[in-house]
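Remarks on the overall topology
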Amino acid sequence: MSPIGEVFRARLRQFPELVNCCTIDWFSAWPQSALQSVALQFLDEMPELDVSPEIQDGIVITFRYMHQSVVEASTLYLQELSRHNYVTPTSYLELLSSYGSMMTKKKEELQQGIKRLQAGLDKLLTTAQEVQVLQKELAEMKPKLEAAQVAAEDMLKQIEADTAVAEETKAMVEVQEADALKIASDAQAIADDAAADLEQAMPMLRAAEDSLKSLNRNDVTEVKAMKRPPAGVVLVIEVISIIMDIKPRRLSGPIPGQKILDYWEPGRNMLNDPGAFLNSLMNYDKENMSESLINKLKPYINNPQFQPSKIITVSKACTSLCMWVHAIYKYFFVNQTVLPKKAALAGAKIKLSTVMEVLDEKRARMKEVTDGLAELEKALKETMDHKAQLEANAKLCENRMDRAFRLINGLADERERWINTISVLERAVGNMVGDILISAGAVAYLTPFTDKYRRGLLSEWLKQLEETNVPHTARCTPVQTLGEAVTIRQWQLAALPRDYLSTENAILSFHSRRWPLFIDPQGQANRWIKNIGKSTGLKVSKLTDKDLMRALQSAVRFGKEVLIENVLEELDPALDTILTRQTFVQNNQLVMRIGDLNVPYCDTFRLYITTKLPNPHY
């Protein structure tokens, strides 16, 4: 509680123990040595302040001068305008802390600007070097592209020629294939006709052969063992002997000089090996029977007694032999009609073989030409792909060169501006020591003063900087050093008055570590704060609101903004912890005690206070 004013006197009357049981410690103003000592200690703890001892001494002297000049100006301010402004050591400490924080922020901002511009210049230089490389690459690509074009044209000519050969060969192959198909078709027709003719005799022949297969050794031995064979058996053995070309015995007949041919005994000898006999019948070469043999067999075939129906009455084995004789006899005549067809078929097969040999040669030639054409097409595709890749690379190089030229030409003027801007920023880094010093003094001391007093104090501080040789920008101001054109424009769109003093007030309030209290009889500041707080969810309250403390606790917890409007000269003591930013660490978390609660403190919390009193006294 401030010892100044009626409130303190009323509190003493209510609580006499404050006088009877307490000792009052009176703190006088700090001497120059104290101001200088504190400033030196503070500057020694600033690693980002890289200045010579002479400049550091000049900064300390300026700190001290600022504090003393504001004390004198406050006295004059009270005398001339009856407005109170108290300058305490806390104000001096606020000056030092503001100087440190703004120095760090501004230095980082300037160095970042230099870095960005330097990166842009480096990019322009790199782009110019890349243009040279691209020009060299493009010059190397052009001969390769021309060679690929020539190779592709040569391949196209070769493919065209080979395609003509392939088409000609294909036509010839198609003709040969047609001839071969016709010959094969004719041969197949002949074979089918011959097979159809042979099929007439084949059932009878197969039946005879099946009958022969049904015979066994005993059946043949039974015939051989006959002492007085029946006439049918003798007839069958005689016919078999004639077919097997077995010579008969010549016996004397009943008439002198007559010879009778006896086939029985030679035929019996033929039956000595029944298995060999049956095999000889099964494997008999019926394809090459002579006509003389057929003539010999003809009387027997026509003989009514030489029929299977007659022979079966005397011998099973001879019946099968009889059937076989009749079958091969009939087969001879069928085969005689088939032989010309077989000869024609053999000729057709020879002709087909000849045609197929020629066709195979043509097909091999066709395959060779087709394979070569496929290889050429594959090579052409690879060449065209390579050519397309070269064209794409060349186009890419040209586009990159075009963009690089446009970039270089478009930023030619910017390059000069960037170089000048870097020089300006580098000078600003050098002059930042004095510029930030002026701005820190304005934030710490100048906000209670009117424009006349501000301009006077700033002129005195600039003269002091010149006398102490502290680097600074000529006629620098807080607006020039701390202001940003875009932010100021946004404030003005949010109803901030466009005069210089209002802009300066806004900048100083946003760079101060203390919460701003706006003396706002006309409500301009109140309206501006509400407009800029719309996007952040500004909470507007009054000291008389019942839920003020709850709103402040919520805003501190969640980092919101709060406007307490239309305050008077007396503020609720419960606000002291917020006004003085009394935070502490609890369980590794930054908290603030508001009322009877410890509330987690969020760094984005911000408090605005406005009053309509034209000349309040706090």
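Preceding this section is the structure that the text describes.
What this report covers is the structure whose coordinates are included nearby. (Residues numbered from 1 in each chain as written. Predicted model: local features only at pLDDT ≥ 70, side-chain atom pairs only at ≥ 80, totals over all residues. Heavy atoms only, no water.)

1. Focus on the overall build of the protein chain
A tally of regular secondary structure across the protein chain gives 20 helices and nine strands. Buried residues in the protein chain amount to 38% of all 618 residues. Looking at the protein chain as shown, the accessible area adds up to about 35800 Å², and 54% of this sits on carbon and sulfur atoms. (Helix = DSSP H or I, 4+ residues; strand = E, 2+ residues; numbered from the N terminus. Buried < 20%, exposed > 50% of the residue type's maximum accessible area, 1.4 Å probe, protein only. Areas by Shrake-Rupley, 256 points an atom, 1.4 Å probe, with all protein chains shown as cover.)

2. Side note on the packing of helix 4 (residues 53-81) against helix 14 (residues 451-467)
The description of two packed helices rests on the angle between their axes and on the distance between the axes. Contact pair helix 4 / helix 14: the axes reach a minimum separation of 10 Å and the direction vectors enclose 155°. The angle between helix 4 and helix 14 falls in the class roughly antiparallel. Of the two elements, helix 4 crosses helix 14, and the hand of that crossing is right-handed. Residue-level inspection shows Ile-61, Thr-62, Tyr-65, Met-66, Ser-69, Val-70, Ala-73, Leu-76, Tyr-77, Glu-80 and Leu-81 of helix 4 in contact with helix 14, the latter providing Tyr-453, Leu-457, Glu-460, Trp-461, Gln-464 and Leu-465. For the contact of helix 4 with helix 14, a count of residues per class yields twelve nonpolar, three polar and two charged. (Axes fitted to C-alpha atoms, helices over the stretch in contact; angles between N-to-C directions. Parallel < 35°, antiparallel > 145°, perpendicular 65-115°, else oblique. Left-handed = near helix turned anticlockwise from the far one by under 90°. Contact = heavy atoms within 4.5 Å. Nonpolar A, V, L, I, M, F, W, Y, C, P; charged D, E, K, R; others polar.)

3. Observations concerning the sheet that holds strand 4 (residues 539-541)
With respect to topology, four strands assemble into an open sheet ordered 3-9-5-4, the strand pairing being parallel. Single-partner strands in this sheet number two, and they are strand 3 (517-519) and strand 4. Here the average twist between neighbouring strands, direction ignored, is 20°. Two strands pair when backbone bridges link them, and strand 5 (residues 561-564) and strand 9 (residues 606-611) are joined in this way by four bridges, in the parallel orientation. What sits directly across from Val-562, in strand 9, is Leu-607. (Pairing = 2+ DSSP bridges.)

4. Quick notes on the sheet that holds strand 7 (residues 589-594)
Sheet architecture is open: three strands sit in the order 6-7-8, paired in antiparallel fashion. Edge positions in the sheet fall to strand 6 (583-586) and strand 8 (597-600), since each of these pairs with one other strand and no more. For this sheet, the mean inter-axis angle between neighbouring strands, taken without regard to orientation, is 45°. For strand 7 and strand 8, the ladder comprises four bridges, and the chain directions are antiparallel. Looking across to strand 8, one finds that Ile-594 is bridged to Leu-597.

5. Let's talk about the state of the cysteines
With the rule as written, the count across this model stands at zero disulfides. Left unpaired, Cys-318 is separated from the closest cysteine sulfur, that of Cys-322, by 9.0 Å. (Disulfide = S-S within 2.5 Å.)

6. Things to note about unusual backbone geometry
One non-glycine residue, Arg-581, lies in the positive phi region at around 55°. Looking at the element boundaries, Arg-581 is found in the loop between helix 20 (576-579) and strand 6.

7. Comments concerning the environment of Ala-495
In this fold, Ala-495 is placed in the loop between helix 16 (485-493) and helix 17 (500-511). Separated by 34 residues in sequence, Ala-495 and Ile-529 have C-alpha atoms that sit 8.9 Å apart. Dropping the residues within four chain positions of it, Ala-495 is found in contact with Arg-527, Trp-528 and Asn-531.

8. Regarding helix 14
In an α-helix, one turn spans 3.6 residues; hence positions three or four apart end up facing the same way. Counted at 1.5 Å a residue, the expected span for helix 14 with its 17 residues is 24 Å, and the 24 Å between its end C-alpha atoms agrees. For helix 14, the complete set of buried residues consists of Tyr-453, Arg-454, Leu-457, Leu-458, Trp-461, Leu-462, Gln-464 and Leu-465. In a view along the axis of helix 14, the buried residues occupy a sector of 165°, so they form one face of it. Exposed residues pointing more than 90 degrees away from the buried face of helix 14 are listed as Lys-452, Lys-463, Glu-466 and Glu-467. (Expected span 1.5 Å × (residues − 1). Arc of directions from axis to C-beta.)

9. Some remarks on the side chain of Arg-606
Mapped onto the elements of the fold, Arg-606 is located in strand 9. Buried within the structure, Arg-606 lacks any salt-bridge partner; Glu-561 is the closest side chain of opposite charge, at an N-O distance of 5.6 Å. In terms of polar contacts, Arg-606 uses its side chain to reach the side chain of Tyr-608, at 3.2 Å. Look past the residues within four positions of Arg-606 in its chain and what remains in contact with it is Ser-509, Phe-510, Trp-515, Lys-560, Glu-561 and Val-562. (Lys, Arg positive; Asp, Glu negative; His and termini not counted. Salt bridge = Lys/Arg side-chain N within 4 Å of Asp/Glu carboxyl O. Polar contact = N/O pair within 3.5 Å; in protein donor to acceptor, adjacent residues only side chain to side chain.)

10. A word on the layout of surface pockets
The space that makes up the second largest pocket amounts to roughly 470 Å³. Surrounding the second largest pocket, 19 residues form its lining, Lys-106, Leu-110, Leu-425, Ala-428 and Gln-480 being those nearest its centre. When residues of the lining of the second largest pocket are traced back to their parent elements, those giving at least two are helix 5 (89-214), helix 13 (412-446) and helix 15 (478-482). With eight residues, the single largest contributor to the lining of the second largest pocket is helix 13. Among the residues making up the lining of the second largest pocket, the classes are represented as seven nonpolar, six polar and six charged. (1 Å grid on protein atoms, 1.4 Å probe; cavity = no way out; pocket = protein on both sides within 12 Å on 5 of 7 lines; lining within 4 Å. Points joined across faces, edges and corners; volume = space filled by probe spheres on them.)

11. Quick notes on a nonpolar patch on the surface
Judged by side-chain polarity, Phe-15, Leu-18 and Val-19 come together as a nonpolar surface patch covering roughly 270 Å² of accessible area. The residue Val-19 is located in helix 2 (residues 17-20) in this model. (Patch = residues over 30% accessible without salt bridge, like charges linked within 9 Å, V, L, I, M, F, W, Y side chains within 5 Å.)

12. Describing the pattern of salt bridges
Tallied over the full model, the rule gives eight salt bridges. Notably, a salt bridge pairs Arg-455 with Asp-451, separated by 2.1 Å at the nearest N-O pair. On the criterion of helical spacing, the pair formed by Arg-455 and Asp-451 is a turn pair, its members being four residues apart in helix 14. Arg-455 gets classed as partly exposed once you look at its relative accessible area, which sits at 27%. Given the relative accessible area of 32%, Asp-451 is considered partly exposed. Glu-565 serves as the salt-bridge partner of Lys-530, at 3.4 Å between the closest nitrogen and oxygen.

13. Re the pairing of strand 7
As defined by bridge partners, strand 6 adjoins strand 7 across four bridges and the pair is classed as antiparallel. Bridging across to strand 7, Phe-584 finds its partner in Val-591. Linking strand 6 to strand 7, which pair antiparallel, is a turn of two residues; within it Asn-587 sits at a positive phi near 55°. Once strand 7 ends, the chain turns through two residues before running back antiparallel as strand 8, passing Gly-595 with a positive phi of about 70°.

Everything listed here is a matter of coordinates, which is why it stays silent on function.
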